[in-house]
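Coordinate inspection notes
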Amino acid sequence: MATAVQKITLSPSRDIPFNKLLLSQSNVRRVKAGVSIEELAEDIVRRGLLQGLSVRPVVDQAGIETGMFEIPAGGRRYRALELLVKQKRLAKTAPVPCIVRDSGIAEEDSLAENVQRTPLHPLDQFRAFLALREKGQSEEEIAAAFFVSVNVVKQRLKLASVSPALLDVYAEDGMTLDQLMAFTVSGDHERQEQVFERLKVSYDKQPYVIRRMLTEGAVRASDKRAQFIGVDAYVAAGGTVLRDLFQGDDGGWLQDVPLLDQMTADKLKAESEAIAAEGWKWIEVAPDFAYGHAFGLRQLRGETVPLTAEEEASRDALQAEFDRLSEEYQDADELPDEVDERLSELETLIEGFDNRPMVFDAAEIARAGAFVSIGADGQLRVERGYIRPEDELPAEPASEADVDGNDERAMAASYEVDEAIVTAEPDAEPAEGEDLSPISDRLMTELTSHRTLGLRHALGERPDVAFVAALHVLTLKTFYHYGSDSCLELDLKSVSFGTQAPGLNDSASAEAIRVRHESWSKALPKESAALWDTLQEWDGDSQAALFAHIVSLSVNAVYEPWNRRPRAAAHADRLAQAVDLDMVAAGWKPTVDNFLGRVTKARILQAVFQARGQRAADRIEHLKKGDMAAEAETLLGDSGWLPEPLRTADRGASNVEPTVSNESVEAVEQSTAIGGETAMVEDELLAEDEIVDAAPHAVAAE
């Protein structure tokens, strides 16, 4: 005998005036979550009440209905309506759609409404945002309607724009949200699908691996070539920039590298033509030159264009204002924004007056040249006034001395030295009116030998003069290349780097040396003949500072396998201790290019262990060499870790005990474990419980 199917009866719905409703103590929601009451009220104003309230009649002690209704499910919606009534935007007697329940347990109704509702899959939310965008709503309008930031809207739209094939995989839980975020770096669906196919056979499927695959061959926007031409100009020329909306990308990646190189070359060419118009004999142009590219070339020193009286007055006024503000706020813990901004402006303006262009002699320009390249900051770098050895003027030959009265003048037979005048007493009185014969070469040699010994002894008794003499000859050889202008046989060698380390010419140390060298070059006299007097006029601190700079250029601590110098290396260690060398402060950080990609996996793990601890090293131990090196670069970036050849004894960087904090462990976990980013990013994307659901569920959060 067939069992009859029991028919159900749905609770009736009716409109009840707002002033007949009141909250029930049976509502199970106690903790605030999701959209605020104020935001929910604004949503009701915009869309109306999308879901009715669940109510029960209020009865008296005799069980008779009082005409009032309590709300066990829908309390937040009631609070939002109550706020609108208080704001006089809704009438007290406005009808409210309600479902009237008179059976069951009130708490059960409240719990069921909150628990049994299934939230949207994130993909449905992304697609819903995309549908709104396609129907004409702007990102700002969508953000305002759902009480999220514009950036969140952009992120969701970006996720919805991933290849449909990959979205289907995500819908079937074939990839994590973190992995889907990584695929948004590239907008090329074909490229995304190619990387996904590669990922299927890859052991490591972490998000950073996906990002690396998608950006292979691309150039970061922080690259000096990109800064030189400008990312906006690159985009205007049709270039594509890959962006990552879910983590820092330093401006993204420029995908069209040939276009970038062509635009760089074109701009450098245009800039170099303007430099060539100054009359230089030759111009060398390249995005970058090797460190020491000007080695062996003599650099001209021009004259700074003097300030006019008006410019001098303007500079003095700016300096006076700068000094006044600095003195006024010298004791302030923090400068007001407007004062800080003004001081920066004044510094820039004063620097513009101080860094005057150099003027060179036209004859020297005609046999000298310039290097045109890009500096580390992406600005044009022009190095003017270098003369090649073959373009140097031939030295003037020595001329015979004139004989005048009883004086005898002789020339030193050297094509580089100035005229030397020697007066000697003849062995015998010449006949009256007879010319004096010159002193013989042999006698001149003997006499000057005695003088040389006399000078050596006297100079050895005068350390102050000896220091100036040494500084004089070294300065000649460093800045003038006329070492024979001095009688001291001292030499200075500045090593040229046969093997160029990556980024050597753009390093902080290279830039600091270049700036310091140019500063001294401007301070020295243009002609070598005036150098001795200039050095003697300087105070001891200035002499010592110049001496230190010149001697520093002779340092050679480069390891060369064909030129073993263990004692020199040991001395370099002592020198590093003496000057308290800190290569971290000098700007060196371990990267894939300069260290991590060129050593074994064991050394990479050792470095991570020393800097971050065993736990961090274990997290990347399973990775392939290239991925391990890239991840280690992130982990070691701000750790201050240095490889042994760069450490200075007795400094903190030499300690190899692992230093690890909770923050670093969390960073390691988030950057290496699949799904490690999910919690952080998903919280940002999906925090609004009611907004995650599509529009019909926007207010159904109880």
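Residues numbered from 1 in each chain as written. Predicted model: local features only at pLDDT ≥ 70, side-chain atom pairs only at ≥ 80, totals over all residues. Heavy atoms only, no water.

The next subject is the overall build of the protein. The helix and strand tally for the protein stands at 28 helices and 14 strands. Residue burial in the protein is summarised as follows: out of 702 residues, 35% are buried. For the protein, restricting intrachain contacts to residue pairs at least 6 apart in sequence, the fraction spanning at least 24 positions comes to 71%. Here the protein has roughly 41100 Å² of accessible surface; of this, 51% comes from carbon and sulfur atoms. (Helix = DSSP H or I, 4+ residues; strand = E, 2+ residues; numbered from the N terminus. Buried < 20%, exposed > 50% of the residue type's maximum accessible area, 1.4 Å probe, protein only. Contact = heavy atoms within 4.5 Å. Areas by Shrake-Rupley, 256 points an atom, 1.4 Å probe, with all protein chains shown as cover.)

With that settled, consider helix H4 (residues 122-134). With 13 residues, H4 should cover 18 Å at 1.5 Å per step; its first-to-last C-alpha distance of 19 Å lies within 8% of that length. Within H4 the residues assigned to the buried category are Pro122, Leu123, Gln125, Phe126 and Phe129. In an axial view of H4, the angular spread of the buried residues amounts to 165°, which keeps them on one side of the axis. One or two positions beyond H4, positive phi appears at Gly136, with a value near 105°. (Expected span 1.5 Å × (residues − 1). Arc of directions from axis to C-beta.)

To continue, consider the packing of H4 against helix H6 (residues 150-160). Two packed helices can be described by the angle between their axes and the distance between those axes. Axis separation between H4 and H6 bottoms out at 8 Å; the angle between their running directions is 100°. The angle between H4 and H6 places the two elements in the roughly perpendicular class. Between H4 and H6, the residues in contact are Gln125, Phe126, Arg127, Phe129, Leu130 and Arg133 and Val153, Arg156, Leu157, Leu159 and Ala160, respectively. Classifying every residue of the contact of H4 with H6 gives seven nonpolar, one polar and three charged. (Axes fitted to C-alpha atoms, helices over the stretch in contact; angles between N-to-C directions. Parallel < 35°, antiparallel > 145°, perpendicular 65-115°, else oblique. Nonpolar A, V, L, I, M, F, W, Y, C, P; charged D, E, K, R; others polar.)

Right, let's talk about the UniProt feature "coiled-coil region" (unreviewed entry) in the protein for a bit. The sites that carry the UniProt feature "coiled-coil region" (unreviewed entry) are, in the present numbering, residues 308-335. Secondary structure content for residues 308-335 is 71% helix and 0% strand, while the C-alpha to C-alpha distance between its ends is 34 Å. (UniProt positions renumbered as here; feature names shortened; annotations may be inferred.)

The next subject is the pattern of salt bridges. For the structure on display, the rule yields 27 salt bridges. In this structure, the salt-bridge partner of Arg342 is Glu345, at a minimum N-O distance of 3.2 Å. Taken as a pair, Arg342 and Glu345 lie in helix H15 (residues 337-354) at a separation of three residues, close to a single helical turn. A salt bridge links Arg381 to Asp506; the nearest nitrogen and oxygen atoms lie 4.0 Å apart. Residue Arg381 is located in strand S14 (residues 380-387), and its partner Asp506 is located in the loop between helix H18 (463-480) and helix H19 (508-523); the two are separated by 125 residues in the primary sequence. Members of the salt-bridge network, linked through shared partners, are Lys224, Asp288, Arg381, Asp506, Glu511, Arg514 and Glu518. (Salt bridge = Lys/Arg side-chain N within 4 Å of Asp/Glu carboxyl O.)

Time to look at the sheet that holds strand S13 (residues 369-374). With mixed pairing, the four strands of this open sheet are ordered in space as S9-S13-S14-S10. Single-partner strands in this sheet number two, and they are strand S9 (282-285) and strand S10 (298-299). For S13 and S14, the ladder comprises six bridges, and the chain directions are antiparallel. Residue pairing across strands places Phe371 opposite Glu383, the latter belonging to S14. Helix H13 (residues 257-276) rests against S9, S13 and S14 of the sheet, and its axis sits at about 150° to S13. (Pairing = 2+ DSSP bridges.)

Next up on the list: the sheet that holds strand S5 (residues 95-100). The strand order across the open sheet built from five strands is S1-S5-S3-S4-S2, with neighbouring strands paired in mixed fashion. What marks the edges here is a single partner per strand, and that holds for strand S1 (13-17) and strand S2 (21-23). Strand-to-strand twist of the sheet, defined as the mean angle between neighbouring strand axes without regard to direction, takes the value 50°. Across three bridges, the pairing between S2 and strand S4 (residues 65-73) is parallel. In the strand pairing of S4, Leu21 is matched with Phe69.

Time to look at a nonpolar patch on the surface. Taken together, the side chains of Val555, Leu575, Val579 and Leu581 define a hydrophobic patch exposed on the protein surface, amounting to about 310 Å² of accessible area. Checked against the element boundaries, Val579 lands in the loop between helix H22 (566-578) and helix H23 (601-612). (Patch = residues over 30% accessible without salt bridge, like charges linked within 9 Å, V, L, I, M, F, W, Y side chains within 5 Å.)

Another point: the environment of Phe289. Along the chain, Phe289 turns up in the loop between S9 and S10. Spatially, the C-alpha atom of Phe289 lies 9.8 Å from that of Leu504, the residues being 215 residues apart in sequence. Look past the residues within four positions of Phe289 in its chain and what remains in contact with it is Glu284, Phe371, Val372, Ser373 and Asn505.

Counting 49 residues, the largest nonpolar core has Phe126, Leu180, Phe183 and Ile620 as its most contacted members. When sequence neighbours within four positions are dropped, the list of residues in contact with Leu180 reads Phe126, Leu159, Val162, Leu167, Tyr170 and Met175. Within the second largest apolar cluster, 22 residues are counted, among which are Ile229, Val257, Ile365 and Ala370. (Core = buried A, V, L, I, M, F, W, Y, C linked by side-chain atoms within 4.5 Å.)

Relative to the assigned elements, Gln606 resides in helix H23. When the C-alpha atoms of Gln606 and Ala617 are compared, they prove to be 7.7 Å apart, with 11 residues separating the residues in sequence.

This brings us to unusual backbone geometry. Positive phi is not limited to glycine here, since Asp173 has a value of about 60°. Topologically, Asp173 is positioned in the loop between helix H7 (164-171) and helix H8 (177-183).

The next subject is helix H2 (residues 75-86). Spanning 12 residues, H2 covers 16 Å between terminal C-alpha atoms, matching the ideal 16 Å at 1.5 Å per step. With nine of its 12 residues buried, H2 lies for the most part within the structure. Among the residues of H2, Gly75, Arg76, Arg77, Tyr78, Ala80, Leu81, Glu82, Leu84 and Val85 are the ones counted as buried. Remark: Lys88 follows H2 within two positions and exhibits a positive phi of approximately 60°.

Here the focus is a negative patch on the surface. The grouping of Asp333, Glu334, Asp337, Glu338, Asp340, Glu341, Glu347 and Glu351 at the surface amounts to a negative patch. For Asp337, the position within the fold is in helix H15. (Lys, Arg positive; Asp, Glu negative; His and termini not counted. Charge placed at Lys NZ, Arg CZ, Asp CG, Glu CD.)

For the rest of this paragraph, the subject is the environment of Pro525. Within the secondary structure, Pro525 sits in the loop between H19 and helix H20 (531-537). For Pro525, a relative accessible area of 15% gives the class buried. Separated by 222 residues in the primary sequence, Pro525 and Glu303 have C-alpha atoms spaced 9.7 Å apart. For Pro525, the contacting residues outside a window of four places in its chain are Arg301, Tyr480, Ala530, Leu531 and Thr534.

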